[in-house]
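Examination of the molecular architecture
Given next are the chains, with one letter for each unit.
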Amino acid sequence: MLRIKTVRSMYNCFPRMAKNQKFISDIFKVKSIPKLFWTSVKTYTLRPNPISFVMLVIGLAMFGLGEAFLIAAGVGVSPWTVLAQGVSEILGWSVGTSTFFISSFVLFLWLPLKQKPGLGTIFNIIIVALVLDLSVPYLPSFESSILRILMAAAGVFITGFGGAIYLIANLGPGPRDGLMTGLVRITKSPIAWVRGIIEVTAVTLGWLLGGVAGVGTILFALGIGPALATSILILRRLFGEQSS
């Protein structure tokens, strides 16, 4: 009897395993931002509907909180900060000035991709900066390396989840997200791969120029694409995609 029960329980596990494998494979097939109940009909508007604007703010706040987790973990800055450090080393600028220059250059890359800024682009800069300043001082600091790495990993997922929420609001992406969505639209490639390539490129260039990368940097570079795609899948399955 015990053997029969064991065989049955193992047999029942197969459909669950197949389901999990399908979900993992689906992560690397996401090629577009879905339309959910908070998606704005118009991307470029100064008067968005309230639910789209509220979800934009919530998503950007989560995005900023995730980056704050990465900073508080103390195991490596984001790939774009590494790039800013590298540019600073070469040109003698401050990291802030280098960040501004890089963001401006990324916005310039929007032109051939036919990307346009919206309210989300402006609020991305404002809200993320505010959340970083307000949350970092209050986040815990761990002595354990394992806990710090786990905190960084949590930060990557929170950033990805917040990114999915605010991008689905369809009110305009931030500079890096606009580069990603533009490349995804043109190349028809999965979001996870495109975002991963962008982040790995940024950290590699930064490191070659003299920037400092850590474990958290590598986690972010390799994890933000799948985290964003996973979050899009979860939200799509929870709320159901709206018809055009």
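Residues numbered from 1 in each chain as written. Predicted model: local features only at pLDDT ≥ 70, side-chain atom pairs only at ≥ 80, totals over all residues. Heavy atoms only, no water.

If you look at the biggest cluster of nonpolar residues, it comprises 55 residues, and the most contacted ones within it are Trp-38, Trp-80, Ile-102, Met-180, Ile-191, Leu-228 and Leu-235. The element that contributes the greatest number of residues to this core is helix α6 (residues 145-168), accounting for 10 residues. Non-local contacts of Leu-235, meaning those with residues more than four positions away in its chain, are made with Leu-36, Trp-38, Phe-161, Ala-164, Ile-165, Ile-168 and Gly-240. (Core = buried A, V, L, I, M, F, W, Y, C linked by side-chain atoms within 4.5 Å. Buried < 20%, exposed > 50% of the residue type's maximum accessible area, 1.4 Å probe, protein only. Helix = DSSP H or I, 4+ residues; strand = E, 2+ residues; numbered from the N terminus. Contact = heavy atoms within 4.5 Å.)

On to a nonpolar patch on the surface. Together, Ile-90, Leu-91, Trp-93, Phe-101 and Leu-209 make up a nonpolar patch on the protein surface, roughly 460 Å² of accessible area in all. Its location among the elements puts Leu-91 in helix α3 (residues 79-91). (Patch = residues over 30% accessible without salt bridge, like charges linked within 9 Å, V, L, I, M, F, W, Y side chains within 5 Å. Areas by Shrake-Rupley, 256 points an atom, 1.4 Å probe, with all protein chains shown as cover. Salt bridge = Lys/Arg side-chain N within 4 Å of Asp/Glu carboxyl O.)

The backbone of Lys-114 shows a phi angle near 60°, a positive value even though the residue is not glycine. For Lys-114, the location among the structural elements is in the loop between α4 (95-113) and α5 (119-135). One non-glycine residue, Asn-170, lies in positive phi territory at about 60°. Topologically, Asn-170 is positioned in the loop between α6 and α7 (175-187). In this structure Asn-170 comes out as partly exposed when scored by relative accessible area, which is 25%.

A few words on the packing of aromatic side chains. One pass over the full model with this rule turns up eight aromatic pairs. On the basis of an interplanar angle of 85° and a centroid distance of 6.1 Å, the ring pair of Phe-63 and Tyr-166 is categorised as edge-to-face. You can see Phe-63 sitting in helix α2 (residues 50-73) and its partner Tyr-166 sitting in helix α6, a full 103 residues away along the chain. Note on Phe-63: relative accessible area 4%, which makes it buried. In this structure Tyr-166 comes out as buried when scored by relative accessible area, which is 0%. (Phe/Tyr/Trp six-rings, centres within 6.5 Å; stacked < 30°, edge-to-face > 60°.)

Oppositely charged side chains may form a pair once their charged atoms are brought near each other. Within this structure, the stated rule accounts for six salt bridges. Ionic pairing is found between Arg-195 and Glu-199, a salt bridge with its closest N-O pair at 2.8 Å. Taken together, the positions of Arg-195 and Glu-199, both in helix α8 (residues 191-209) and four residues apart, correspond to about one turn of that helix. Take Glu-199: its relative accessible area is 0%, and that puts it in the buried class. What emerges from the salt-bridge pattern is a single network uniting Lys-22, Asp-26 and Arg-237.

On to the confidence of the model for the chain, then. Fine structural detail should not be taken from predicted coordinates in areas where pLDDT scores are low. Here the chain shows a mean pLDDT of 90. Residues at 70 or above account for 91%. Mean pLDDT in the chain bottoms out at helix α1 (residues 2-27), which sits at 64, and peaks at α6, which reaches 97. (pLDDT = per-residue confidence, 0-100.)

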